[in-house]
Amino acid sequence: MAAEQPVGAVILGAGTSRRFGSPKQLAVLDGRTLLEHVIDAAAAASLGPVAVVVPVWLSRPAHCDDPRLRWVRNPFPERGLSSSLRLGLDAIRHEVSAAVILLGDQLLGSTLIDEIVAARGRKPLIATAARGVLAPPLLIEQSHFEL
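Residues numbered from 1 in each chain as written. Predicted model: local features only at pLDDT ≥ 70, side-chain atom pairs only at ≥ 80, totals over all residues. Heavy atoms only, no water.

Time to look at the layout of surface pockets. Unoccupied space between atoms shows up once a probe the size of one water molecule is rolled over them. Roughly 310 Å³ of volume is contained in the second largest pocket. Along the wall of the second largest pocket there are 16 residues; nearest its centre are L85, R86, L89, F145 and L147. Those elements giving two or more residues to the lining of the second largest pocket turn out to be α2 (81-92), β6 (98-103) and β8 (133-141). The element contributing the most residues to the lining of the second largest pocket is α2, with six residues. Taken together, the residues of the lining of the second largest pocket break down into 11 nonpolar, one polar and four charged. (1 Å grid on protein atoms, 1.4 Å probe; cavity = no way out; pocket = protein on both sides within 12 Å on 5 of 7 lines; lining within 4 Å. Points joined across faces, edges and corners; volume = space filled by probe spheres on them. Helix = DSSP H or I, 4+ residues; strand = E, 2+ residues; numbered from the N terminus. Nonpolar A, V, L, I, M, F, W, Y, C, P; charged D, E, K, R; others polar.)

Before going further, it helps to spend a moment on the pattern of salt bridges. A full pass over the atoms with the stated rule returns seven salt bridges. The salt bridge involving D90 is made with R93; its shortest N-O contact spans 2.8 Å. The exposure class of D90 is partly exposed, given its relative accessible area of 46%. What you see here is one network of salt bridges that share partners, running through E4, R120 and E141. (Salt bridge = Lys/Arg side-chain N within 4 Å of Asp/Glu carboxyl O. Buried < 20%, exposed > 50% of the residue type's maximum accessible area, 1.4 Å probe, protein only.)

Attention shifts here to the nonpolar core. Ranked by internal contacts, the top residues of the largest apolar core, which has 25 residues, are I11, L47, V52 and L102. When contributions to this core are tallied by element, the ones reaching two or more residues are β1 (7-12), α1 (34-44), β4 (50-55), β5 (69-74), β6 and α3 (110-118). Per-element accounting of this core gives the leading share, five residues, to α1. Ignoring sequence-local partners within four residues, the contact set of I11 consists of L35, V38, I39, A42, V50, A51, V52, V53, L102, L103 and G104. (Core = buried A, V, L, I, M, F, W, Y, C linked by side-chain atoms within 4.5 Å. Contact = heavy atoms within 4.5 Å.)

The following block contains the structure:
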């Protein structure tokens, strides 16, 4: 019997940050960008391939040389989050059994990601809630990527 494919991740980092006034994913906290913090959390959670969806002008940070990273450029980020989600899922769909969806400007630790992955079962979608509202990070089974 073949081993089950790993759980991967899609980091949505191509947002235009119109209300913030500058690319929020590039805001610096503790010497690193918010996007780098999210990439580090995904790496620490031992996820499989990680698709990092970014605008075409954003260069890959030199220290982000983890072979699991797939740097995916979204040429049309103004089309919204769903366009980045589609690109990210397409980049890893054949390598994973599920994907954790993360926001490129969301500070979280690898523990929460690990808890979401551990909660997998018969449900095609596992989401977190903040103040009663479902929000990323969330996990979606590969069989439901087309949704």
